[in-house]
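Here's the letter readout for the chains.
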Amino acid sequence: ACPGIVERNNNIFLNTDLENQFKAFREKAADAMPGSDWTPFEKNSSLPPERADIVIVGGGVVGWSIAYWLKQKEMIRDGVRVLVVERDPTYSQASTVLSAGGIRQQFSLPENIHLSMASADFMRNINEHLSVLNDDPVDLQFNHSGYLFLASEKVAHIMEENYSTQRYAGAKVSLLSPTQLKEKCPWINTDGVVLASYGLENEGWFDPWMLLNAFRRKAISMGVYQCFGEVTGLCLCQYHSIVEQTKGDKVDFRRIKYANVQMPNSLEYQPVECAIVVNAAGALSGKVAEMMGIGLGPKDTISGIPLPVEPRKRFIYVVHCPNGPGLDTPFLVDYSGVYFRREGLGGNYIAGMSPEEEEEPETNNLEVDHQFFQNIWPHLAHRVPAFECLKVKSAWAGFYDYNTFDQNGIVGMHPLVNNMFFATGFSGHGLQHSPAIGRAMAELILDGGFKTLDLSAFSFKRIMTKEPILERNIV
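One structure accompanies this document, and this report is about it. Nothing here was measured: the structure is a model prediction, and the numbers come from that model. (Residues numbered from 1 in each chain as written. Predicted model: local features only at pLDDT ≥ 70, side-chain atom pairs only at ≥ 80, totals over all residues. Heavy atoms only, no water.)

**Considerations on the overall build of the protein**
Point 1. Each helix and strand counted, the protein has eleven helices and 20 strands in total.
Point 2. By residue count, 51% of the 475 residues in the protein fall in the buried class.
Point 3. In the protein, 74% of the contacts between residues at least 6 apart in sequence involve partners at least 24 apart.
Point 4. Total accessible area on the protein is roughly 22,000 Å²; 50% of this is exposed by carbon and sulfur atoms. (Helix = DSSP H or I, 4+ residues; strand = E, 2+ residues; numbered from the N terminus. Buried < 20%, exposed > 50% of the residue type's maximum accessible area, 1.4 Å probe, protein only. Contact = heavy atoms within 4.5 Å. Areas by Shrake-Rupley, 256 points an atom, 1.4 Å probe, with all protein chains shown as cover.)

**Quick word on the sheet that holds strand β16 (residues 339–342)**
Point 1. Ordered in space as β7-β8-β6-β15-β16-β17-β14-β18, the eight strands form an open sheet in which the pairing is mixed. Edge positions in the open sheet fall to β7 (173–176) and β18 (391–403), since each of these has one partner strand only. Across the sheet, the axes of successive neighbouring strands diverge by a mean angle of 20°, strand direction being ignored.
Point 2. In this structure, strand β14 (residues 309–320) lies alongside β18, joined through twelve bridges in antiparallel fashion. Directly across from I316, in β18, lies its bridge partner W396.
Point 3. Across the sheet, helix α5 (residues 156–169) lies against β6 (147–151), β7 and β8 (195–199), angled at about 155° from β7, the strand it touches most.
Point 4. Packing against the sheet, helix α9 (residues 373–383) makes contact with β6, β14, β15 (331–333), β16, β17 (348–352) and β18, and its axis sits at approximately 55° to β14. (Pairing = 2+ DSSP bridges. Axes fitted to C-alpha atoms, helices over the stretch in contact; angles between N-to-C directions.)

**Some remarks on unusual backbone geometry**
Point 1. Located in the positive-phi region is N202, a residue other than glycine, with phi close to 60°.
Point 2. Looking at where N202 falls in the secondary structure, it is placed in the loop between β8 and β9 (204–205).
Point 3. The phi torsion at Q407 lies on the positive side, around 60°, for a residue other than glycine.
Point 4. Mapped onto the secondary structure, Q407 falls in the loop between β18 and β19 (410–413).

**Thoughts on the packing of aromatic side chains**
Point 1. The full count for this structure, using the stated rule, is 20 aromatic pairs.
Point 2. Ring pairs connect the aromatic residues Y147, F149, W205, F331 and Y339, which therefore count as one cluster.
Point 3. Looking at R104, its charged tip hangs above the ring of F107, at a distance of 4.0 Å from the centre.
Point 4. When the ring centre of Y198 is taken as origin, the NZ or CZ atom of K184, which lies over that ring, is 4.0 Å away. (Phe/Tyr/Trp six-rings, centres within 6.5 Å; stacked < 30°, edge-to-face > 60°. Lys NZ or Arg CZ within 6 Å of the ring centre and 35° of its normal.)

**Focus: the packing of helix α7 (residues 208–221) against helix α10 (residues 430–447)**
Point 1. The contact between α7 and α10 brings their axes to 11 Å, and the two run at 25°. Considered as vectors, α7 and α10 are oriented roughly parallel to each other. Pair α7 / α10 crosses with left-handed handedness. Residues P208, L211 and F215 of α7 lie in contact with α10, whose contacting residues are L431, S434 and P435. (Parallel < 35°, antiparallel > 145°, perpendicular 65-115°, else oblique. Left-handed = near helix turned anticlockwise from the far one by under 90°.)

**Structural notes on the packing of helix α2 (residues 61–73) against α10**
Point 1. Between α2 and α10, the shortest axis-to-axis distance is 7 Å and the interhelical angle comes to 40°. With respect to α10, the element α2 is oriented oblique. In this structure, α2 meets α10 at a crossing whose hand is right-handed.
Point 2. Residues that form the contact of α2 with α10 fall into these classes: twelve nonpolar, four polar and four charged. (Nonpolar A, V, L, I, M, F, W, Y, C, P; charged D, E, K, R; others polar.)

**What about the environment of R462?**
Point 1. Following the sequence through the fold, R462 ends up in helix α11 (residues 461–464).
Point 2. C-alpha separation for the pair R462 and D406, spaced 56 residues apart in sequence, amounts to 9.9 Å.
Point 3. Residues within four places of R462 in sequence aside, it is in contact with N403, F405, D406, N408, G409, I410, A457, E467 and I469.
Point 4. Within the structure, R462 has its side chain in polar contact with the backbone oxygen of G409 (distance 3.0 Å). (Polar contact = N/O pair within 3.5 Å; in protein donor to acceptor, adjacent residues only side chain to side chain.)

Here is the structure:
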């Protein structure tokens, strides 16, 4: 039995008996007056529906991509009722819109390369997928200037290995010697550079908000329900137990029956009965997993293994340099970890760098550490001498949904909660992979397995067996 909604974040157990009585009364009133919307209780129009087939926790670009592909694959209109729950109505703190907006095929894992290639193809033909009748065409403002990775002597062999993997996967990438690099980019200082890797097609950057809003607009037009609120609890019921033969421990298999959705700035909530929950909550997906007891069980048991995803704050600085590199400047990633790209046409650029593990900033806010730019500037000025004269105009911060286990996405079902699916932990490349991730998740949920791209390597199983699959090209 499932007597109530479990509020894991504050250990409050809310009994739903009263809500069930109200629900039964509303159903009686509807039966008595068929065809009428009248109700003896005032209904909040912002509340989510009482039932949904699939509840997606997280209305970022990954969540909305999943919602779109679920509706795209449904056999009959309204055959699948999908609800997307997003806690930030303004999207002012959403990781999607606070990212650098890049897309590249230059990864070390074939799965990530194929995800990028499929997503780039989707974006190239985006209006075939996401156009809405009587609305303006989607314009992602895609800049196809490519990515340029630089390697020192210490890591050049890794770049060569990655290049072979990328070419074998079908990516159009070329290796450049320091002389060839200087010919292509006269503004660059090649000191310390032994090898460079340049993406010839399907790489560059785009407007993250335009992609998110295009998915959202199209999904809503297809019948997806949108709710601004926060999933604060999940009601689970145990349906099966077994005893492990090796240790003799009891293993409980559970299912989610309800998602409790709290309205913003309100005590009002709505229990949503559902068949499947998709955890696409990004940097907060670890907390959502804890609501189901994932990671809270005894140590050395499956239920004691947490979802290894946590927020990591990253800073992006907007700098102005009127004599900087020109319009064909690629998205450059130096072997020091510093990156930059152009931002618009007025001599502006954005730049950033991931901090060392011991220097990770606090994640309880999105305040910018302006002093951190002093770690970036020397590398920028060394690689591009024109950047010795630049001015920081502004800056912002955003969160990675950082997978501390192996910095790769976690895609698929949890072994003990068989109607909880994960699409999280992408560690900075969720935006660029979102079109292909959404399609893969829809296949897994509706078809029972991956059809176009095999992402089984990204399942939760690797965390249970302690077998990381490391991506070497994390920016």
